[in-house]
Amino acid sequence: VIIQGNKIMDSYETDVNPHESLDEHIVHLTGITDKQLAKAPDFGQVAHHIYQLIEDCIFVAHNVKFDANLLAEALFLEGYELTIPRVDTVELAQLFFPRFEKYNLSHLSRQLNIDLAEAHTAIADARATAILFLRLLQKIESLPIECLESLLVYSDSLLFETAMVIQEGLAKAKPYDPNKYIKIRQILLPKGPKAPKPYQISKSFPINMALLGLEERPKQTQFAQLIDEDYHQGVASFIEAQTGIGKTYGYLLPLLAKEDQNQIIVSVPTKLLQDQLMAGEVAAIQEQFHIACHSLKGPANYLKLDSFADSLDQNDQNRLVNRYKMQLLVWLLETKTGDLDEIKQKQRFAAYFEQLKHDGDIKQSSEFYDYDFWRVSYEKAKTARLLITNHAYFLHRVQDDKDFARNKVLVF
């Protein structure tokens, strides 16, 4: 697929006769058959045309090392030397979409709404890679110049000529907006928006569900009524209900509708469930009712900005560490929490992230004191109407701070 001036201009596809049978896996994966390939040209018959198409281009591929080496070798055997620059969209996607769980083409296409209806056919994969590359160019050009300049310091660690894409994006980028970001050392951090005034939640559960755009379910309504009734008993209440009835809304909405405005602490078994709750029902309640909600974990879950800034000053020879530095610089433009669990692939070099975890200690003399993720999270937790945490942190915190749960509504 040929791109020029940020537009797809042309494409070319052909089968090639390998003069050997395909194994079943390839037939199943691609839908190509031996019968189909028996009618196809030899590579030597199309090599000249392919070489002419790409000899003055930049070669972009998803996992470029594999594709470029394969093609260069095949062309070399036909008398053509392919020496054009190579750019890898896997590495670019890891840097500029830092929160994704996976970076294969299928997953990226789903996340970015790129049509990949015929995955594993060459032209569909190439077209999806072309669209991905254009999305990456848009993202790069939208970032502040100062961020891109910081990225280029470590860009020698990228594969082949991938860094040239960042260099070219720099020419179109703009300086950071001081109304949106604060710059401390090499790091840009977003300024948080002012919290909107909360709305009063209705005492009617069906009305609240309708405001959330959700249909009322009889068992969910019954569950919400039990929560409402038991709240006034002044004793611990144990309620059991089957999965799938919508329990989360069933307890959150009646409790948030109470006029006494006591803080509600919800503790769940794992950090994964904590993240899912925040991204699902809690996010919907925040958006609709502007309720102050906060997720609180132990300090080691948060990036310590002082430690990260110090690591940026270190001259690391490890390519993976330098790529993580670049990824984190982009992530810091976007994160609202500084929660390292947002970086889904940090396990690839866990030792580096161990150095960056917060230790719960932040000196007032630190340049990052006002923006320190753990300190800010700790302070937000004091005033949030709804606080989401996990059992491990809750039990640890209550041991050290008896007032943490005092006069609160606790939901486990």
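Residues numbered from 1 in each chain as written. Predicted model: local features only at pLDDT ≥ 70, side-chain atom pairs only at ≥ 80, totals over all residues. Heavy atoms only, no water.

A. Highlighting unusual backbone geometry. For Asn-113, which is not glycine, the phi torsion reads 55° and is therefore positive. Here Asn-113 shows up in the loop between α6 (105-111) and α7 (122-142). Its identity as a non-glycine residue notwithstanding, Arg-185 has a phi of 55°, on the positive side. Here Arg-185 is to be found in the loop between β5 (181-184) and β6 (187-190). (Helix = DSSP H or I, 4+ residues; strand = E, 2+ residues; numbered from the N terminus.)

B. Highlighting the packing of aromatic side chains. Within this structure, the stated rule accounts for 10 aromatic pairs. Ring centres of Tyr-324 and Phe-353 lie 4.9 Å apart, and the angle between their planes is 85°; this geometry places the pair in the edge-to-face category. Taken together, the positions of Tyr-324 in helix α15 (residues 319-331) and Phe-353 in helix α16 (residues 350-356) put the pair 29 residues apart, joining distant regions of the chain. For the residue pair Tyr-324 and Phe-353, the accessibility class agrees, reading buried in each case. What links up through ring pairs into an aromatic cluster is the set Tyr-393, Phe-394, Phe-404 and Phe-412. The positively charged end of Arg-86 is found above the aromatic ring belonging to Phe-160, 5.1 Å away from the centroid. Taking NZ or CZ as reference, Lys-408 lies 5.7 Å from the ring centre of Phe-404, over its face. (Phe/Tyr/Trp six-rings, centres within 6.5 Å; stacked < 30°, edge-to-face > 60°. Buried < 20%, exposed > 50% of the residue type's maximum accessible area, 1.4 Å probe, protein only. Lys NZ or Arg CZ within 6 Å of the ring centre and 35° of its normal.)

C. Structural detail: the pattern of salt bridges. Within the structure shown, the criterion is met by 21 salt bridges. Residue Glu-379 is joined to Lys-382 by a salt bridge in which the shortest nitrogen-to-oxygen separation is 3.2 Å. Of this pair, Glu-379 and Lys-382 both sit in helix α17 (residues 373-383), 3 residues apart, which is roughly one turn of that helix. Look at Lys-382 and you get exposed, because its relative accessible area is 53%. Its salt-bridge partner being Arg-397, residue Asp-401 comes within 3.5 Å of it at the nearest N-O pair. Here Asp-401 falls in the partly exposed class, since its relative accessible area comes to 22%. (Salt bridge = Lys/Arg side-chain N within 4 Å of Asp/Glu carboxyl O.)

D. Geometry of the pairing of strand β9 (residues 386-390). Among the 5 residues of β9, 5 are classified as buried, and the element is accordingly described as predominantly covered. Where burial is concerned, the two faces of β9 agree: the one with Leu-386, Ile-388 and Asn-390 and the one with Leu-387 and Thr-389 are both buried. Note: strand β7 (residues 264-268) against β9, 5 bridges, orientation parallel. Bridge pairing in β9 places Ile-265 opposite Leu-387. Across 3 bridges, strand β8 (residues 293-295) lies against β9 in parallel orientation. Across the sheet, residue Cys-293 finds its bridge partner in β9, namely Leu-386. (Pairing = 2+ DSSP bridges.)

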